Amino acid sequence: TSSGIERPEGAPEDNIPFKIGKSKVIDGTFKYDDPRQTRRTNSNVFDYSHFELNRINGEVNAFLALGDTIAFVAKNLKMVDKQTGLDVKELDTRFLFCQKKMEMKSLNAYIGQSHLRDDVTFFYDRAGDMGDFNRKVVMKGHLSDSHVDSRDLGLFSEYVQQLHEVWTVSGDFAGTVDDFMFSNADIHFGKSSRLLGDIGFKGLPTFDGAVMDINLSLSEVNPVDIVQYYPEWQGHEDLEKFGLTVLDGTFKGTVEDFAVEASASSELGKLGADLVFHISDAKNTTYEGSVKASDFEIGILLDKLPNVQKVNFEGSIQGKGLELKYASTHLDAKVSSLGYNQYNYKNIVLKGDIQNQYFNGFVSAKDSNLVLNLEGEFDLAKPQNVFQVKGAIQKANLANLGFMADSVTLSTVLDINLTGNHFDDLLGTAKLYDTYLLTPEKDKNLVIDTLLLHSGIQGSMRTLQLESEFLMATMKGNFVPSQALKDLQRVMEEYKLYFFGNQTDRKLYYANHA
C-alpha cells in the first residue's frame with residue numbers, strides 16, 4: 001500500500017525512505033521541549049518552546065520519513081494542547097516537515113472556535129527557530145473564508161486576550177509575526193465592518209509601538225465595532241455619529257506617529273485628509289496637512305442643529321495641542337458653502353492663528369446676499385472672554401439671510417469690543433459707522449452716520465444704551481439682556497414704522513400691541 005507515495009520536492013535522494021500507506025493514530029502524544037528557552041508557565045499563553053499535544057487521534061496516510069523530511073496526509077486529526085487547553089477538533093491537510101520548512105497544504109482545520117482553510121507554510125533556517133517563532137519563522141500562505149476567534153488567537157497574543165471578536169478572513173500573507181504583510185485582504189469584523197486591501201504590521205504581537213502600513217480600498221467601518229480596540233479614547237461618542245463609513249486610502253506609522261491620506265464617506269457626508277500626526281498628550285500632539293469636506297453635516301457633529309447645516313470646504317492646518325488651552329494652530333480654509341439658519345452661505349475665506357487660547361484671524365465672504373471683510377481677535381484665556389472685531393459689511397440682504405421679513409439691505413463699518421462668556425454676560429461697545437439700510441422703495445432708505453450700542457454693569461444695575469443721530473435710548477435696571485433684546489427689537493420695529501411705514505401701518509401696529 002506504500003508504493004504510490006511520491007518523494008516530496010527537495011527531499012534527499014540518497015536516503016532510504018520509510019513509508020506507511022495507511023495508518024491511524026490512537027490517543028497519541030507529541031512533545032516539544034527546547035532546553036535553551038525559559039518555560040512560560042502562564043496557562044493563557046501558548047509556549048512555542050515547550051508544548052505537549054495530547055489525545056492525538058485520526059488518520060495519517062501516505063506517511064513518508066526520508067532523511068530530515070516527514071510528510072503525510074492527515075484526515076480528521078484531533079488533539080489538545082496540554083498547557084492552554086486549545087482543542088484541535090478536526091484537521092485535514094497534506095503535511096510536510098523538513099529542516100527548512102513546515103508545510104500544510106489543502107488545510108481545513110477547526111481549532112477551538114476558529115476555522116482555517118487553504119494553505120500555510122512556515123520557513124526557518126533550522127527547526128530550533130520555532131523557539132523564537134515571532135521573529136525567525138517566516139509564514140507564507142493563503143486563507144479562504146476562514147474564521148478566527150479572539151479566544152483562540154488570544155492564546156498567542158496577550159493584546160488579543162482583551163478582545164471579544166470573530167474575524168472572517170481571506171487573503172495572502174507573507175512574513176514573520178513581527179513583520180508581515182497581508183495582501184488582497186478581505187476581513188470582516190464586528191457587526192458590519194469590512195476591510196479590503198493590503199495590511200502590514202511590524203512589531204507584533206505587542207500592539208504598542210507596532211508600525212502599520214495599511215492601504216484600504218472601499219472598506220466599510222462601523223464606529224461601534226472599533227470601541228474595544230481603543231477603549232480609553234474619549235472620541236467614540238462623536239465618532240458614532242458618522243455611522244457606517246466607507247474608507248479609501250493609506251495609513252502608515254504607529255498609533256502615536258502616523259501619516260494618513262484617505263477619503264471617508266459616511267452618514268455625515270464626505271471627508272478627505274492628507275495629514276501627519278505625532279500623538280503625545282493633549283499638550284504636545286502635533287498635526288499638519290490638508291482637509292476637505294463635501295456636504296458634511298457639521299451641525300450634527302457639533303450638536304448645533306438646527307442652526308448649522310452642511311458645509312463644503314477645503315483647507316490646510318498646522319498646529320500643536322488637542323485642547324483649546326494648549327492649542328497653537330494655523331488654519332487657512334476656503335468654505336465654498338455653509339448652511340446656517342436655513343441659508344446657504346457661499347464663498348467664505350477663513351485665515352487665522354490660535355495661540356494659548358488667543359485667536360487672531362480674518363474672514364471674508366462673497367455671497368450673492370452677503371459681502372464682508374472682518375478681522376478679529378478673541379482672547380479666551382482670561383476669566384471673561386474678550387472679543388474684538390473690526391471690518392466692513394459691504395452688503396447684507398437681511399431678508400434673504402433670514403434676519404428680517406422685509407427686504408432691507410445693510411452696509412456698514414463696524415468696530416466691536418466686548419467681554420463675556422455668554423450673551424447675557426456681554427459688556428462693552430459695538431460701533432457702526434456709515435450705515436445704510438436700503439429698501440426697494442428708495443424714498444424709504446435710511447442712512448446713519450454713527451450707531452453706538454453700549455452694555456455696562458455696576459453692582460446689580462445693568463445699563464444698555466443706544467445712540468444715533470435719530471434716536472437715543474437708555475435702559476437701566478436689574479434685567480436680562482436677552483429679554484431686553486426682544487424689547488429692543490420691538491423698539492426697532494417701531495423705529496422702522498416711523499421711517500418706512502405710513503399712518504395706517506402705525507395705527508394697526510399699536511392696535512395689535514395695546
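Parameters at a glance
Numbering of residues starts from 1 in each chain and follows the order in which that chain's sequence is written. Reporting in this predicted model follows two pLDDT cut-offs: at least 70 for local features of residues, and 80 or more for side-chain atom pairs to be given and counted; totals over whole chains, interfaces and linings ignore these cut-offs and use all residues. The basis for every side-chain value is the complete set of heavy atoms in the structure, and neither hydrogens nor water enter the calculation. Secondary structure elements follow DSSP: runs of H or I of four or more residues count as helices, runs of E of two or more count as strands, with numbering from the N terminus. For the radius of gyration, the atom set is restricted to C-alpha positions; the globular benchmark scales as 2.2 Å times the number of residues to the power 0.38. Think of it in three bands: residues with accessible area under 20% of the maximum for their type are buried, residues over 50% are exposed, and the middle band is partly exposed, with areas taken using a 1.4 Å probe on protein chains only. Only heavy atoms enter the contact rule, under which two residues are in contact if any of them lie within 4.5 Å. Here the open area of atoms and residues is found with the Shrake-Rupley method and a 1.4 Å probe, where only the protein chains shown may cover a residue. Asp and Glu count as negative and Lys and Arg as positive, but His and the ends of the chain are not part of the count. Taken as the charge centre is NZ of Lys, CZ of Arg, CG of Asp or CD of Glu, depending on the residue. Salt bridge, as used here: a side-chain nitrogen of Lys or Arg that lies within 4 Å of a carboxyl oxygen of Asp or Glu. For the purposes of these results, a polar contact is taken to be a pair of N or O atoms within 3.5 Å, where, inside protein, one atom must be able to donate a hydrogen and its partner to accept one; residues adjacent in sequence count only when each atom of the pair is a side-chain atom. Two rings from Phe, Tyr or Trp (for Trp, the six-membered ring) form a pair when their centres are within 6.5 Å of each other. A pair whose planes differ by under 30 degrees is stacked, one over 60 is edge-to-face, and the rest are tilted. Whether a charge sits over a ring depends on NZ of Lys or CZ of Arg being within 6 Å of the ring centre and within 35 degrees of the ring normal. Nine residue types can take part in a nonpolar core, namely buried Ala, Val, Leu, Ile, Met, Phe, Trp, Tyr and Cys, and a core is a set of them joined through side-chain atoms within 4.5 Å. The patches described consist of residues with a relative accessible area above 30% and no salt bridge, like charges being joined within 9 Å and nonpolar side chains (Val, Leu, Ile, Met, Phe, Trp, Tyr) within 5 Å. Every residue gets a pLDDT, meaning the predictor's confidence in that residue, from 0 to 100. Strand pairing is assigned whenever DSSP detects at least two bridges linking the two strands.

(A) Examining the overall build of the chain more closely. In terms of regular secondary structure, the chain is built from six helices and 26 strands. Relative to a compact globule of 514 residues, whose C-alpha radius of gyration would be 24 Å, the chain shows 36 Å and is clearly more extended. In terms of overall dimensions, the chain has C-alpha extents of about 120 × 45 × 40 Å along its principal axes. In the chain, buried positions account for 39% of the 514 residues. Across the chain, the fraction of contacts at a sequence separation of at least 24, relative to all contacts at a separation of at least 6, is 41%. Carbon and sulfur atoms provide 54% of the accessible area of the chain, an area that totals close to 29,400 Å². Averaged over its 52 positive side-chain charges, the chain has a centre that lies 1 Å from the centre of its 72 negative ones.

(B) Structural context of the pattern of salt bridges. Going through the model one piece at a time under the given rule, you end up with ten salt bridges. Across the salt bridge formed by Asp238 and Lys241, the nearest N and O atoms sit 3.2 Å from each other.

(C) Local environment of the environment of Asp367. Inspection of the secondary structure assignment puts Asp367 in the loop between strand 19 (358-366) and strand 20 (370-379). With 28 residues separating them along the chain, Asp367 and Lys395 place their C-alpha atoms 9.2 Å apart. Setting aside residues up to four positions removed in sequence, Asp367 forms contacts with Tyr343, Asn344, Tyr345 and Lys346. Of note is the side chain of Asp367, whose polar atom sits 2.4 Å from the side chain of Tyr343.

(D) Geometry of the packing of aromatic side chains. Taken as a whole and assessed by the stated rule, the structure comprises 18 aromatic pairs. For the ring pair Phe277 and Tyr287, a centre distance of 6.5 Å and an interplane angle of 45° mean the geometry is tilted. In this pair, Phe277 is assigned in strand 14 (residues 269-278) and Tyr287 in strand 15 (residues 286-297), connecting sequence segments ten residues apart. Measuring from centroid to centroid gives 5.4 Å for Phe378 and Phe387, while their planes differ by 65°, and the two rings are edge-to-face. Among the residues examined, Phe378 registers a relative accessible area of 28% and is labelled partly exposed. Grouped by ring-pair contacts, the aromatic residues Phe30, Tyr32, Phe46, Phe51 and Phe156 constitute a single cluster. Across from the ring centre of Phe123, 5.7 Å away, lies the NZ or CZ of Lys140, which sits over that ring.

(E) Structural context of the nonpolar core. Counting 50 residues, the largest nonpolar core has Phe122, Phe133, Trp167 and Ile187 as its most contacted members. Look past the residues within four positions of Ile187 in its chain and what remains in contact with it is Trp167, Thr168, Val169, Phe182, Ser193, Arg194, Leu195 and Ile199. With 26 residues, the next largest nonpolar core counts Ala293, Leu374, Val389 and Ile393 among its residues.

(F) Molecular detail of the environment of Val291. Residue position: Val291 is located in strand 15. C-alpha separation for the pair Val291 and Gly85, spaced 206 residues apart in sequence, amounts to 50 Å.

(G) Geometry of a nonpolar patch on the surface. A grouping of Tyr436, Leu438 and Val447 is seen on the molecular surface, where their side chains present a nonpolar patch of about 240 Å² in accessible area. For Leu438, the location among the structural elements is in strand 23 (residues 427-438). Classification of Leu438 by relative accessible area gives partly exposed; the value is 36%.

(H) Seen up close, unusual backbone geometry. In this structure, Asp145 is a non-glycine residue whose phi angle is positive, near 50°. With respect to the helices, strands and loops of the structure, Asp145 is situated in strand 7 (residues 138-149). In this structure Asp145 comes out as partly exposed when scored by relative accessible area, which is 40%. Positive phi is not limited to glycine here, since Asn347 has a value of about 55°.

(I) View of the confidence of the model for the chain. Confidence in the prediction of the chain, expressed as mean pLDDT, is 88, and 95% of residues score 70 or more. Averaged pLDDT values over the elements of the chain bottom out at 71 in helix 5 (residues 481-500) and peak at 96 in strand 8 (residues 166-176).

(J) Summary view of the side chain of Thr435. For Thr435, the location among the structural elements is in strand 23. A distance of 2.7 Å separates a polar atom in the side chain of Thr435 from a polar atom in the side chain of Thr412. Aside from chain neighbours lying at most four places away, what touches Thr435 is Leu410, Ser411, Thr412, Leu446, Val447 and Ile448.

(K) Summary view of the side chain of Ser266. By secondary structure assignment, the location of Ser266 is in strand 13 (residues 257-266). One polar contact links the side chain of Ser266 to the main-chain amide nitrogen of Leu268, over a distance of 3.2 Å. Those residues within four positions of Ser266 in sequence are excluded, and the remaining contacts are Phe242, Leu244 and Thr245.

(L) Layout of the environment of Arg506. Among the secondary structure elements, Arg506 is positioned in helix 6 (residues 503-512). The exposure class of Arg506 is partly exposed, given its relative accessible area of 22%. Considering only alpha carbons, one finds Arg506 and Gly420, 86 residues apart in sequence, at a separation of 37 Å. Discounting residues that sit within four places of it in the chain, Arg506 has contacts with Leu497, Tyr498 and Gly501.

(M) Summary view of a negative patch on the surface. Where like charges cluster on the molecular surface, the negative patch consists of Asp208, Glu232, Glu256 and Asp257. One can find Asp208 in the loop between strand 10 (193-202) and strand 11 (211-221). Given a relative accessible area of 63%, Asp208 falls into the exposed group.

(N) Quick peek at the pairing of strand 12 (residues 245-253). Strand direction decides the pairing type here: strand 11 and strand 12, joined by eight bridges, are antiparallel. Within strand 12, the position partnered with Asn215 by the bridge is Thr250. Note: strand 12 against strand 13, eight bridges, orientation antiparallel. Bridged to Gly249 within strand 13 is Ala262. Linking two consecutive strands that pair antiparallel, namely strand 12 and strand 13, is a turn of three residues.

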